[in-house]
Amino acid sequence: MGLEQYKGDMGMCCRCSCCKFIPMQQVQGHQYSTVCPSISRFDFHAYSGGGRLNIGTAMLDGSLKYTDKLLHIVYNCQMCGACGVSCNYAMDMEVQEPLNEIRIKCVEDGKTNPALEKVIKGLRKQGSMVPAAGKRGAWASGLKLKNVARDKADVLFHVGCLTSYDKDMHKLAIATAKILKKAGVDFGIAGDNETCCGGRAYQMGYEKDFLRQAKKNMAMIKKAGVKTVVTACADGYQAFKVLYDKFGLKKDLEVLHISEYIDRLIKSGKLKLRKKTGMAVTYHDPCRLGRMGEPWIHWKGKKIPGDRFVFDPPKEYRRGSNGVYEPPRDVLKSIPGLRLTEMTRIKEYAWCCGAGGGVGESNPGFAVWTARERIEEAASTGAEAMVTACPWCEKTFNEAIKESGSSLKVYDIVELVENAL
Amino acid sequence: MALNKDVYKAFEDVVGPEYISNDPAMMPAYHQVQFAAIILPGNTAEVQAIVKLCNKYKLAFRAVCTGWTGMFPPDIIYIDLRRMNRIVEINEKNMYAVIEPYVITAQLQAELFKRGLHMNLKGAGSNCTAMLRGHGHLDQTTSGDDRNHLAIEWVTPEGHIVHSGAAGSVDEWFCGDGPGPSLRSILTSAVPPGVTPGVFTKAAIKLYHWPGPTRFPIQGTSPNYSLSAIPANFMARYYSFPSVEKMWNAEIKLGENEICFELMGFNVSMVAANITTSNEEDERVFQEMNREVRGPGFFVIIAGNSAADFEYKKKVLEQIVGENDGQSLKSVEDPRIEGILLCQCIRVSASIRETFRAGGAFNSIPVMGQRDLTIRWAVGAGKAKEPLIEKGLIVPDGGAFFGWGVEQGHLGKTEIFCKFDPANPVAKEAVEKWQQEQSKRAFDERYFAMTMGPQDEIGPALANYHLWWKKVTEALDPNHTSPDAGALV
């Protein structure tokens, strides 16, 4: 069915432009009131959620031919889902799903982006979304962790491509392992056998490559007998939790982000944070842990003929309400002495870090532009550091800080928790 | 029609290559129309240069803000004003704000709340330009339409920059009518058959006192926002009445006593749409509320400047409602619902949930005038909706209409619409027929004249306004570069 199944949804766009802004009630002034990096950077309506839906309609009726500009529009979107949240405050229609399908159609039609093609070739060859220099499990050397390929464990810690292969990110994997050990969790890793979750490939429009990765991962998990997967990467979280479920692959696997798991460990008394800090921080909601991390809702039905856009059975929309918002905040509040201040754009209407949808690879300048906007917003709270819960966010923010000369520091939540142990 | 390279280059030289496009991929995103080019100026000088080029090359143009509505002929230069998004000034002392076209109401309003000020909120929504002329929820206390425009910066269809009112003589924007040139009769989007040709590039908006908090205490996640507490000295209620006459009498008395911050003649289908987060829930809640109400009604917000003022206003409200056998809708007294409605009506302007969510489209007949007269017409227009509801062509709303007082009710707005599925040609045709018939009935029975209607029929009854307007636009736009409805959308 692909894009065709969303013809009705795309036709519902009333061109109100809400997709360009945070929900109207949350607008606190002129500054930080926009929500879509793409329209904010490129200005033409075609770069907004609504504009993209109209393009989708034109693609379906065959009236639109591929041009360089069309591909620029398609690939310069972080697929962050913010437009959908703002739309779905008032409207009953799918937004992010047709946007996914537009990308998938482009890839199927061979209209790919050269930078993304290169990434996907690497994925097919090395099972990684980043260049795989060295061994995937090298970060764990000397830590004496269980490997689920040979050891039984209750929990699998899925590390993710960036954390595994980027030496600057190894600290996140090590911190996560230390925290889990400290709490006495029976966990293992897949080490060199770990492979990409496929989530970022899906964001880029490579559905088949995503499915290949998903099936590999679920086969490995089944073989290992693991019932719970913990990720410290928001992309990995969304892939396992939402996308695998969407395609009927997740079954009864429990998927938790490390922030949820730490929150659970703290609340059950298994983990105690004792060391005091005087740090003032603000928290950045990664898109795929927040609004895009909302559980998948399985639904199959038909539009009821008549005056309304309603279905039998009734369709429940994913509007961003049920993302992971409170657990990371609760964890931060558990760190003695830490002061948490909020930015203007938070939770379901948080501004993206810029790295999603392959933009980090296809247009790094745009990714950093997006991150700079967030850095500025974080600094405006008076915080000395921004905390996030995804290595892709951390990487992009650090690039933006380097470029802008900002004195803001960026930490992953596991780094702060590790320091407070 | 493709622009030749030299002409395209001339426009490109004005805004730079990043802000102009004639790529076919751009067009369907805008309006499914092939424009000669889409261009995004960054300031008034660039707008002026674009307009002058349009005159030079005999190209028609049309300028838009958020771009919600409008009919667009092909081959025009589409001026997207998105980059002109600055709040130039908020003058607290003289109570006006000067803005560019792409400042949306939600942004300006949020800035104003911090300063104890607010503004008229148009029915189109706070997602639309704050510069938009129109009507909405707060008309009772903030009036509407051109009453809220003070001085204006206008690029004429020939490319002259004109500053109206005070801005025409001094660098102040406090008045639209002087000491500089008053162009009130020309600079109005309310003048049919079109709106002012040319482009408004800045406008001063009249501001009002805001008795509420600097920010509403919103809790929850979208779409389930509510208020953690009702702001001090605020109250929202919905009252229904046994008859239209009683409702109207109460409305008049409330206006005379000047106690309502908002008086919106919602029907319950609109209340239901506003407080619900899906079509299914909307339908269910509407049925429940429809059973509870006595008849037609209105929604009221009381906002006191002090506790004593609030108590006084509440007392007067209760007395007037009681004298007219009005009854408060219990579900709106629930603080959660009350909070949702306060935000919907003051911050959001509910129109999307009310109008587009159900089927994706609606057709409306709006009219400004004497409420008692227009209500009588609207009752008939509502009855005429019933066969369409029975056939399943439009969304059931009990044949409802709505309306509200303007300037404490000495003027008023009445409106009635049908929500339908635009993909259903039978429904579309039936709604258009209803619209034409009811507009004609309004004119034939001397309720009012829909000035967007057949000009040659209506014009002679209204001092041939259409001929005069044609002469005015001909003089302003000799090269016909700015077609009907050429100003802000």
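Residues numbered from 1 in each chain as written. Chains lettered and ligands numbered in written order. Predicted model: local features only at pLDDT ≥ 70, side-chain atom pairs only at ≥ 80, totals over all residues.

1. Points about the overall build of chain B
Assigned secondary structure in chain B consists of 17 helices and 20 strands. The C-alpha atoms of chain B give a radius of gyration of 23 Å, which matches the 23 Å a tight globule of 489 residues would have. Over its C-alpha atoms, taken along the principal directions, chain B stretches across nearly 70 × 55 × 50 Å. By the burial criterion, 51% of the 489 residues in chain B qualify as buried. (Helix = DSSP H or I, 4+ residues; strand = E, 2+ residues; numbered from the N terminus. Rg over C-alpha atoms; globule rule 2.2 N^0.38 Å. Buried ≥ 20, exposed ≤ 12 C-beta atoms within 10 Å, placed from the backbone.)

2. Section: the overall build of chain A
Within chain A, the regular secondary structure consists of 18 helices and 11 strands. By principal-axis analysis of the C-alpha atoms, chain A measures approximately 60 × 50 × 40 Å. When each of the 421 residues of chain A is scored for burial, the buried share is 60%. Contacts in chain A between residues far apart in sequence, at least 24 positions, make up 79% of those at least 6 positions apart. (Contact = placed C-beta atoms within 7 Å.)

3. Focus: the pairing of strand β15 (residues 262–265) of chain B
Residue and element names in this part refer to chain B. Taking every second residue as pointing to the same face, both faces of β15 are buried, with E262 and M264 on one and L263 and G265 on the other. Sheet topology note: the β15/strand β16 (residues 297–303) ladder contains three bridges and is antiparallel. Bridged to M264 within β16 is F299. Alignment of β15 against strand β19 (residues 402–406), held across two bridges, turns out to be antiparallel. From the neighbouring strand, G265 faces β19, where its bridge partner is G403. (Pairing = 2+ DSSP bridges.)

4. Details of the nonpolar core
As a rule of thumb, soluble globular proteins bury nonpolar side chains together. Within the largest apolar cluster, 217 residues are counted, with the highest numbers of intra-cluster contacts made by I39(B), I77(B) and I79(B). Ranked by residues supplied to this core, first place goes to helix α12 (residues 234–246) of chain A with seven residues. For this core, the domains that each give at least three residues are domain 1 (5–83) and domain 2 (87–209) of chain B. Once residues within four sequence positions are removed from consideration, I79(B) is found in contact with I39(B), P41(B), V47(B), I50(B), F61(B), R62(B), A63(B) and V199(B). Counting 70 residues, the second largest nonpolar core, distinct from the first, contains F216(B), Y239(B), L342(B) and I416(B). (Core = buried A, V, L, I, M, F, W, Y, C linked by C-beta atoms within 7 Å. Domains from an automatic or database assignment.)

5. So, the sheet that holds strand β4 (residues 228–231) of chain A
Residue and element names in this part refer to chain A. Read from one edge to the other, the open sheet built from five strands follows the order β1-β3-β2-β4-β5, with strand pairing classed as parallel. Each of the sheet's edge strands pairs with one partner strand only, and the pair in question is β1 (146–147) and β5 (254–257). As defined by bridge partners, β4 adjoins β5 across four bridges and the pair is classed as parallel. Bridge assignment links V230 to a residue of β5, and that residue is L256. In the packing of helix α13 (residues 258–267) onto the sheet, the strands contacted are β4 and β5, and the crossing angle to β5 comes to about 90 degrees. (Axes fitted to C-alpha atoms, helices over the stretch in contact; angles between N-to-C directions.)

6. Observations concerning the interface of chain A and chain B
Chain A puts 51 residues into the contact, and the matching count from chain B is 56 residues. Sorting elements by how many residues they give to the side of chain A that touches chain B places helix α3 (residues 49–60) of chain A first, with five residues.

7. Some details on the domain arrangement of chain B
All names here are of chain B. According to the domain assignment, chain B contains domain 1 (5–83), domain 2 (87–209), domain 3 (218–352) and domain 4 (359–444). On a C-alpha basis, the centroid separation for the pair domain 2 and domain 4 is 29 Å. Each partner contributes residues to the interface: domain 2 has five residues there, and domain 4 has six residues. The residue makeup of the side of domain 2 that touches domain 4, split by class, is no nonpolar, four polar and one charged. (Nonpolar A, V, L, I, M, F, W, Y, C, P; charged D, E, K, R; others polar.)

8. Overview of the sheet that holds strand β10 (residues 385–388) of chain A
Residue and element names in this part refer to chain A. The four strands are arranged β9-β6-β10-β11 in an open sheet whose pairing can be described as parallel. This sheet does not close on itself; its edge strands, each paired only once, are β9 (339–341) and β11 (409–412). Averaged over all pairs of adjacent strands, the angle between strand axes in this sheet comes to 35 degrees, irrespective of strand direction. In this sheet, β10 lies alongside strand β6 (residues 280–283) in parallel orientation, the contact comprising three bridges. Directly across from Y283, in β10, lies its bridge partner V387. The strands touched by helix α18 (residues 413–420) are β10 and β11; relative to β11, the strand with the most contacts, the crossing angle is about 80 degrees.

9. Remarks on the packing of helix α9 (residues 170–182) of chain A against α18(A)
Residues and elements named next belong to chain A. For the pair α9 and α18, interaxial distance at closest approach is 9 Å and the crossing angle is 45 degrees. Here α18 runs oblique to α9, going by the angle between their axes. Here α9 and α18 pass one another in a crossing that is left-handed. Contacts between α9 and α18 involve K171, L172, A175, T176, K178 and I179 from the former and V414, E415, V417 and E418 from the latter. Split by residue class, the contact of α9 with α18 holds five nonpolar, one polar and four charged. (Parallel < 35°, antiparallel > 145°, perpendicular 65-115°, else oblique. Left-handed = near helix turned anticlockwise from the far one by under 90°.)

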